[in-house]
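Structural features, examined
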Amino acid sequence: VKDIRVALIGGGFMGKAHSLAYDLAASRSHLGYRLIKDTVVDVDPDAAATAALELGWQQSSTDWRATIARDDIDVIDICTPPQFHAEIALAALRAGKDVFCEKPITNDAAEAEQMVEVAEELGRINQVGFNYRASAALKLARSLVEDGTVGDILQLRIQYVMDGGWLGDPGWRRQKSSGGSGALGDIGSHIIDMAQFLVGDIHEVFGDTVSYAPVSGGEHDVDDAGAFLARFAGGALGTFAYSLRAWGQKNRISFELDGTKGAISFDWNHRDELQVLISEDGSRTEGMRRIITSGVHEGMLFDLGGAGSGYLEASANQLTSFLHSVATRTPADPDFATAARVQRVVEAVETSRRTGSWTRVPESSR
Ligand code: SOE
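About the cut-offs
- Throughout this description, residue numbers start from 1 for each chain and increase along the sequence as written.
- Local features in this predicted model are restricted to residues of pLDDT 70 or higher, and side-chain atom pairs are both shown and tallied only at a pLDDT of 80 or more, whereas totals for entire chains, interfaces and linings draw on every residue.
- Hydrogens and water are ignored here; the side-chain numbers use all heavy atoms of the structure.
- A pair of strands is considered paired only if DSSP assigns at least 2 bridges between the two.
- In this text, helices come from DSSP runs of H or I with a minimum length of four residues, and strands from runs of E with a minimum of two, each type numbered from the N-terminal end.
- For each residue, the accessible area found with a 1.4 Å probe, counting protein chains only, is set against the maximum for its type, and the residue is called buried under 20%, exposed over 50%, and partly exposed in between.
- The arc refers to the directions leading from the helix axis to the C-beta atoms.
- It only takes one pair of heavy atoms within 4.5 Å for two residues to be counted as in contact.
- Polar contacts, as used here, are pairs of N or O atoms within 3.5 Å; protein pairs need one atom able to donate a hydrogen and one able to accept it. Residues neighboring in sequence count only if both atoms are side-chain atoms.
- Note on method: axes are straight lines fitted to C-alpha atoms, helices fitted across the in-contact stretch only, with angles between N-to-C directions ranging 0 to 180 degrees.
- We call a set of buried Ala, Val, Leu, Ile, Met, Phe, Trp, Tyr and Cys residues a nonpolar core when their side-chain atoms join them within 4.5 Å.
- Only a single heavy atom is needed: when it lies within 4 Å of a molecule or strand, its residue is near that molecule or strand.
- Per-residue accessibility takes into account occlusion by the displayed protein chains alone, with areas from the Shrake-Rupley method and a 1.4 Å probe.
- What counts as a disulfide here is a pair of cysteine sulfur atoms lying within 2.5 Å.
- Within this document, salt bridges are pairs made up of a side-chain nitrogen of Lys or Arg and a carboxyl oxygen of Asp or Glu, the two lying within 4 Å of each other.

**Structural notes on the pairing of strand 1 (residues 2-9)**
Alignment of strand 1 against strand 2 (residues 33-41), held across eight bridges, turns out to be parallel. Bridged to Asp3 within strand 2 is Arg34. The sheet contact formed by strand 1 and strand 4 (residues 75-78) spans four bridges and is parallel. Bridged to Ala7 within strand 4 is Ile76.

Here is the structure:
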């Protein structure tokens, strides 16, 4: 059994999610590695020390550069705000570390490309935190598309809505200099990734984004909501909506997908369930079938139908799969290249907004 020694940079909301998720991931010792939660880094010494104590890290630090320079660290996990992702990731890759990086991969597609290039050049394992696709229901949905059960995909209607924008101060998310691609990059990126995971690459987009008046003092110069149409490379049409100002909506990702042979629908607020219709089953009792994910489905922690899954399970699944890639030196998924493509879609939506026209998603410059 190999030791994998991890350092986590950024002890905030996602740092907490990853810290707890590593405990679930580490329990899967049959995968051939032993995880060591070595160091948690935060610029604020008190936050770093508290995170170490409460979230089970052996030590804390305020210096990410010194942590990356250590020979005994195998993995750098980046949970800082996005404007620091590229600098930390590039330094970590160049120091020979494998890197897990939160989404959005960066605030800028060109920077993301550089991360892809360096990771590939140096042969380092790299993964990005599109956690929702790591849930059992999403894995099942993808397999029903992949094996042709629902036929060719005709249309996807997908949304990510929440009321968080009405509550509290959005902190670093409010300014372009730190929050970069705004709500589109923050939550829109999740549904872009989910859509490409299910249906394949988005080829072109046509959309608009909006900024509302600030709720709690201070200006913001990024979007709060938006909507766009997408054409997928395979010919399907997509509608996307995202908003941080949707009262009563609690971190809700949902979609409906129509294929030539069936349909799938999903709602993260009911994340144990996938609704599926297979047209071949047609009869007077035809209708959506409610599948409750259980131990027979990939990605459930307990082999007990009804035990339920949560936010942490999805985070643990993605980290388990990343650590497995690290231990076996096999490519991780979703990798930096996947995330860079998501960022190019984000930027294509912004271009479409400015030009008022359909906009091609550029291919990678590599
Ligand atoms: C923000 O509003 C946020 O915390 C996102 O940054 C996360 O990616 C999302 O999962 C929950 O909402």
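Anyway, onward from the coordinates.
**Structural notes on helix 2 (residues 45-55)**
Along helix 2, the residues that are buried comprise Ala48, Ala51, Ala52 and Leu55. Each buried residue of helix 2 sits inside an arc of 105° when the element is viewed along its axis, so together they form one side. Of the exposed residues in helix 2, the ones pointing more than 90 degrees away from its buried face are Asp46, Leu53 and Glu54. As for helix 2, its buried residues are in contact with helix 1 (13-26), strand 2 and strand 3 (59-61). Capping the start of helix 2 is the job of one residue whose side-chain oxygen sits 2.9 Å from the backbone nitrogen of Asp46: Asp44.

**Points about the sheet that holds strand 6 (residues 126-128)**
Spatially, the six strands line up as an open sheet ordered 3-2-1-4-5-6, and their pairing is parallel. Sheet topology places strand 3 and strand 6 at the edges, where each strand pairs with a single neighbour. Ignoring which end each strand starts from, the neighbouring axes of this sheet average 25° apart. Bridging between strand 4 and strand 5 (residues 98-101) involves four bridges; their strand directions are parallel. Each bridged residue has a counterpart across the sheet, and for Ile78 the counterpart in strand 5 is Cys101. Across the sheet, helix 1 lies against strand 1, strand 2, strand 4 and strand 5, angled at about 165° from strand 2, the strand it touches most. The sheet strands contacting helix 4 (residues 85-94) are strand 1, strand 4 and strand 5, and the helix crosses strand 4 at an angle near 175°.

**Points about the nonpolar core**
Residues Phe240, Phe255, Leu257 and Phe336 are the most contacted members of the largest nonpolar core, which totals 76 residues. It is helix 8 (residues 182-199) that contributes the most residues to this core, 10 residues altogether. For Leu257, the contacting residues outside a window of four places in its chain are Val145, Val150, Ile153, Gln155, Leu156, Leu198, Val199, Gly262, Ala263 and Ile264. Residues Val6, Leu35, Leu55 and Cys79 belong to the second largest nonpolar core, which totals 25 residues.

**Structural notes on the site of the ligand**
Taken together, Lys103, Tyr132, Tyr160, Met162, Arg173, Asp186, His190 and Asn251 are the residues near the ligand. At 2.7 Å, a side-chain N or O of Lys103 approaches an oxygen atom of the ligand. Residue Tyr132 places a side-chain N or O atom 2.5 Å away from an oxygen atom belonging to the ligand. Surface burial for the ligand is 84%, taken as the share of its 300 Å² of free accessible area covered by protein chains.

**What to know about the state of the cysteines**
Here the structure, examined in full by the defined rule, presents zero disulfides. Distance from the sulfur of Cys79, which forms no disulfide, to the nearest cysteine sulfur (Cys101) is 8.4 Å. Judged by its relative accessible area of 0%, Cys101 is buried.

**Focus on unusual backbone geometry**
Looking along the chain, the bond that leaves Lys103 and enters Pro104 is cis, with omega of -15°. Its place among the elements puts Pro104 in the loop between strand 5 and helix 5 (109-122). A cis amide bond, omega 0°, links Asp333 with the succeeding residue Pro334.

**Overview of the pattern of salt bridges**
Summed over the entire model, instances satisfying the criterion amount to 24 salt bridges. Across the pair Arg34 and Asp3 runs a salt bridge, and its minimum N-O distance is 2.9 Å. Linking Arg34 in strand 2 with Asp3 in strand 1, this pair joins segments that are 31 residues apart in sequence. Glu273 is the salt-bridge partner of Arg290, the closest N and O atoms lying 2.9 Å from each other.

**Regarding the side chain of Thr209**
With respect to the helices, strands and loops of the structure, Thr209 is situated in strand 8 (residues 202-210). Look at Thr209 and you get buried, because its relative accessible area is 9%.

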